[in-house]
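Listed below, chain by chain, are the residues.
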Amino acid sequence: MELRQLSYFVAVAEELHFGRAAERLHIVQSAVSQQIQRLERELGAGLFDRSPRRVRLTGAGERLLPEARAVLAAAERARAAVAAPAGLRIGTSTGLGAHLDRVLDAFARRAPGVPVELFSLPAAERLARVAGGRLDAAFVRAVEPVPGVRVRPLWPDPLVAALPATHPLAGRAEIGVEELAGLRLALIERRTNPALVDLVVGACRAAGFEPLPGPSTGSLQDTLASIGTFPHSRLRSSGGTPVLWTVVYASHARVLHSPRVAFVPFRAPGLALTTGLAVPAAAPSPHLADLLLACGDHGS
């Protein structure tokens, strides 16, 4: 049994999709499948029920998952004990905008000469790496607790509505969620960011309507491009493609350059998720105190 095989197994178990696991691991799907098959032969048990439509853990796979995570975490701790990194490894995500620049500037003033490595990863991977010692800290929003990780609240991140620049609502100083009832909402899949999806869908329902589902285009860049393809002449056309909207973190919207898309704040109390810093519950990096002070320094 190899650590590589356990790493591939955990990735597939968390994604429940061989293709997505391969993308996360930055390898081809066939390599993931081959290593999982070798692991199953060595253990003498099937770990996944595979069908053309879904992948599920078997009973053996469910029992192996916590043990595999524990082995990988122990291996990371062993590596760290031998050669602790000289710098700071931080997990990030899109949407931090100017917050990240300000934190890094404040950290550089407090800890000059300390190198910083940034890793843009899905939230689950960020938390797993903090727990396993592969990251010293990670910025996260509204995540479920993970063993071995504490989350320090930092600042609220307001959301704004992204609309076609030609839409009548685009010129408003602020809007109410209820005014978007006739438009189609384009959101990422809930499994990718359940806190965000639940917040937005819940706000729509609280405003008295069920959001009309729009296409799931993948990246934010693709979603904004789709939103920006609706000229004013088609906004009220019953036969045209429906108008789309989505949400973007205000801090991120300020650094986006999308002339065909308008970013409009929500009327108070608005929509927001709290950004926090995920840190190890034990054996933190010696630079972590400076990072936390830098997060407080940046004035958010």
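Definitions and limits used
- Residues numbered from 1 in each chain as written.
- Predicted model: local features only at pLDDT ≥ 70, side-chain atom pairs only at ≥ 80, totals over all residues.
- Heavy atoms only, no water.
- Helix = DSSP H or I, 4+ residues; strand = E, 2+ residues; numbered from the N terminus.
- Expected span 1.5 Å × (residues − 1).
- Buried < 20%, exposed > 50% of the residue type's maximum accessible area, 1.4 Å probe, protein only.
- Core = buried A, V, L, I, M, F, W, Y, C linked by side-chain atoms within 4.5 Å.
- Contact = heavy atoms within 4.5 Å.
- Phe/Tyr/Trp six-rings, centres within 6.5 Å; stacked < 30°, edge-to-face > 60°.
- Lys NZ or Arg CZ within 6 Å of the ring centre and 35° of its normal.
- Axes fitted to C-alpha atoms, helices over the stretch in contact; angles between N-to-C directions.
- Parallel < 35°, antiparallel > 145°, perpendicular 65-115°, else oblique.
- Left-handed = near helix turned anticlockwise from the far one by under 90°.
- Nonpolar A, V, L, I, M, F, W, Y, C, P; charged D, E, K, R; others polar.

Novice: Can you help me understand helix α5 (residues 98-110) in this one?
Specialist: What sets the pattern is the α-helix's 3.6 residues per turn: residues three or four places apart point alike. The end-to-end C-alpha distance of α5 is 19 Å, a good match for the 18 Å that 13 residues give at a rise of 1.5 Å each. Turning to α5, its buried residues are A98, H99, L100, V103, A106 and F107.

Novice: What is the right way to read unusual backbone geometry from this model?
Specialist: Of all residues except glycine, most have a negative phi; of all peptide bonds, most are trans. The amide bond that connects A268 to the next residue, P269, takes the cis arrangement and shows omega of 10°. Here P269 lies in the loop between β10 (261-265) and β11 (272-280). Unusually for a residue other than glycine, L16 sits at a positive phi of about 50°. If you trace the backbone, L16 turns up in the loop between α1 (3-15) and α2 (18-25). With a phi close to 60°, H26 is a non-glycine residue in the positive phi region. Relative to the elements of secondary structure, H26 occurs in the loop between α2 and α3 (29-43).

Novice: What's the story with helix α6 (residues 123-132) in this structure? I'm lost.
Specialist: Those residues of α6 that sit buried are E125, R126, L127, R129, V130 and G132. G133 lies just past α6 and shows a positive phi near 85°.

Novice: Would you explain the nonpolar core in this entry?
Specialist: Most often, soluble globular proteins have nonpolar side chains that are buried together. By size, the foremost hydrophobic cluster in this structure holds 26 residues, and its most contacted members are L163, I175, L180, V200, W245, V247 and F266. A per-element tally of this core places helix α7 (residues 194-206) first, with seven residues. Sequence-distant contacts of I175, defined by excluding residues within four places in its chain, comprise A161, L163, L169, L180, V264, P265, F266 and R267.

Novice: Which parts of the structure should I look at to understand the packing of aromatic side chains?
Specialist: Each aromatic ring pair is specified by the distance between its two centres and by the angle formed by the two planes. Under the criterion given, the structure shown has three aromatic pairs. Centre to centre, the rings of F139 and W155 are 6.1 Å apart; their planes meet at 35°, and the pair counts as tilted. Of this pair, F139 sits in strand β5 (residues 137-141) while W155 sits in strand β6 (residues 149-164), and the two are 16 residues apart along the sequence. A relative accessible area of 2% means that F139 is categorised as buried. Its relative accessible area of 3% is what places W155 among the buried residues. Every member of this aromatic cluster is reached through a ring pair, and the members are F9, F18 and F48. Looking at R141, its charged tip hangs above the ring of Y249, at a distance of 3.5 Å from the centre.

Novice: Just checking my understanding: could you explain the packing of α1 against helix α4 (residues 59-82) for this structure?
Specialist: To characterise two packed helices, one gives the angle between the axes of the helices and the distance between these axes. Taken N-terminus to C-terminus, the directions of α1 and α4 make an angle of 125°; their axes are 9 Å apart at the nearest point. One finds that α1 runs oblique with respect to α4. In terms of crossing hand, the pair formed by α1 and α4 is left-handed. The residues of α4 that touch α1, namely those facing L3, L6, S7, F9, V10, A13 and E14, are G61, L64, L65, A68, R69, V71, L72, A75 and R79. For the contact of α1 with α4, the residue count by class is eleven nonpolar, two polar and three charged.

Novice: What is the right way to read the environment of A181 from this model?
Specialist: As for its position among the elements, A181 is in the loop between β6 and β7 (184-185). Along the chain, A181 and G208 lie 27 residues apart, while their C-alpha atoms are 8.6 Å from each other. Setting aside chain neighbours within four positions, we find A181 in contact with F209 and L212.

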